[in-house]
Amino acid sequence: MMEVFLVLSCLLLVSSVSSQDLPYEDMLQQLQACPKECRCPPSFPHAVYCDSKGLKAIPPVPPHTWYLYMQNNLIEVLSEQALRNATQLRWVNLNRNKITSEGVDEGAMKAMSSLLHLYMEDNLLTDIPSPLPSSLEQLRLSRNKISKIPPGAFSGMDHLSLLDLQGNKLEDDSVTEQSLKGLSGLVQLNLAKNNLKSMPGGLPVSTIQLFLDNNAIEKIPAEYFKGLPKVAFLRLNYNKLEDGGLPKDVFNSSNILDLQLSHNQLTEVPRFPLSLEHLHLNHNKIKSVNGSEICPVPLSEFYDYFDEKGPRLQYLRLDGNEIKPPIPRELMLCFHLLRSIVI
């Protein structure tokens, strides 16, 4: 649901921006300044398309550019000179280049004081680019070689709602309260495919979506979600979780709607909150499901909860375990909203 919200936000941003006409004199200046390697459509004068051109450097960016597309090139340096006049940039896509941390000029970001979205996925970064514009709302740095987040890297970044760091080399001591300080408005944090062995600490209390797939996490501290009251979407697929690593009521102090624990080492269905709607437990080592044990309310009192106060589970996935049909009657009795179960 939140991913849909973010996509719609982006579409609304594009729609509102593209509908604003550029004065004729400014449009003429923009078209005349368009780099010869790029396309600057008169129908969308705020956009400059330089993608997939084999470029090794960013050409000078015209002054009225709001959208800059530089993906799929061979760029190694994010230079201050090229961006000197790009003070109106809102959206920059530098995915799939060869930019290193050493290649990011210290002043390259300063000119982009209105930047909202920065995409630098599939590059060669070993560090978080800094200093980042405080206006930034989305930062996508997946599939780089980032192994550390310096303290203060996100200082003043209270507008940032999405931070994507999947597919890097972050370890437990890299993701701390100090390293994430400043992200008071963060909604989605993606730390999948890193080298984490523990649940990251000190996450912003505003976090709603937390993605931790493909790490080596073995346990969740008992009080972990008390500090993250807004988490609604949690993904821990492809980790090393065992029954002993999940305290009995670890999820019951949360308001999680979607919980994904696929491809772990669980032998039992963990207890979960009434609020949960989607539960993914496929490809574990679960042998049986006791409906009366996993029901969030006692079956003897069930009819007192047969309304909006009752369990909200709608989707349950259990395939890839050692469970054999039939589905226990108690399971269907407890979860009366269940629309799909995969065994």
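Definitions and cut-offs
- Residues numbered from 1 in each chain as written.
- Predicted model: local features only at pLDDT ≥ 70, side-chain atom pairs only at ≥ 80, totals over all residues.
- Heavy atoms only, no water.
- Helix = DSSP H or I, 4+ residues; strand = E, 2+ residues; numbered from the N terminus.
- Contact = heavy atoms within 4.5 Å.
- Areas by Shrake-Rupley, 256 points an atom, 1.4 Å probe, with all protein chains shown as cover.
- Salt bridge = Lys/Arg side-chain N within 4 Å of Asp/Glu carboxyl O.
- Buried < 20%, exposed > 50% of the residue type's maximum accessible area, 1.4 Å probe, protein only.
- Disulfide = S-S within 2.5 Å.

**Let's talk about the overall build of the protein**
- A count of helical and extended segments in the protein gives 4 helices and 13 strands.
- C-alpha extents for the protein along the principal axes are approximately 75 × 40 × 35 Å.
- Relative to all contacts within the protein whose residues are 6 or more apart in sequence, the contacts with residues 24 or more apart total 52%.
- Roughly 16100 Å² of accessible area belongs to the protein as shown, and the carbon and sulfur atoms make up 51% of that amount.

**Some thoughts on the pattern of salt bridges**
- The final tally for this structure, using the stated rule, is 7 salt bridges.
- The salt bridge involving Glu121 is made with Arg143; its shortest N-O contact spans 3.6 Å. With Glu121 in the loop between strand 4 (117–119) and strand 5 (138–140) and Arg143 in the loop between strand 5 and strand 6 (162–164), this pair connects stretches of sequence that are 22 residues apart.
- A relative accessible area of 10% means that Glu121 is categorised as buried.
- Put simply, Glu223 and Lys226 hold a salt bridge, and the shortest N to O gap is 2.8 Å.
- One network of salt bridges, with partners in common, ties together Glu121, Asp122 and Arg143.

**What about the state of the cysteines?**
- In this structure the tally under the stated criterion is 3 disulfides.
- The partner cysteine of Cys34 in its disulfide is Cys40, sulfur to sulfur 2.0 Å. Linking Cys34 and Cys40, the disulfide has an S-S dihedral of approximately 85° and is accordingly described as right-handed. For the pair shown, Cys34 and Cys40 are each scored as buried.
- Covalently, Cys295 is tied to Cys334 through a disulfide, its sulfur atoms 2.0 Å apart. The sign of the S-S torsion, about 80°, decides the handedness of the disulfide formed by Cys295 and Cys334: right-handed. Of this pair, Cys295 sits in the loop between helix 3 (291–294) and strand 12 (315–317) while Cys334 sits in helix 4 (residues 329–334), and the two are 39 residues apart along the sequence. When sorted by exposure, Cys295 lands in the same class as Cys334, which is buried.

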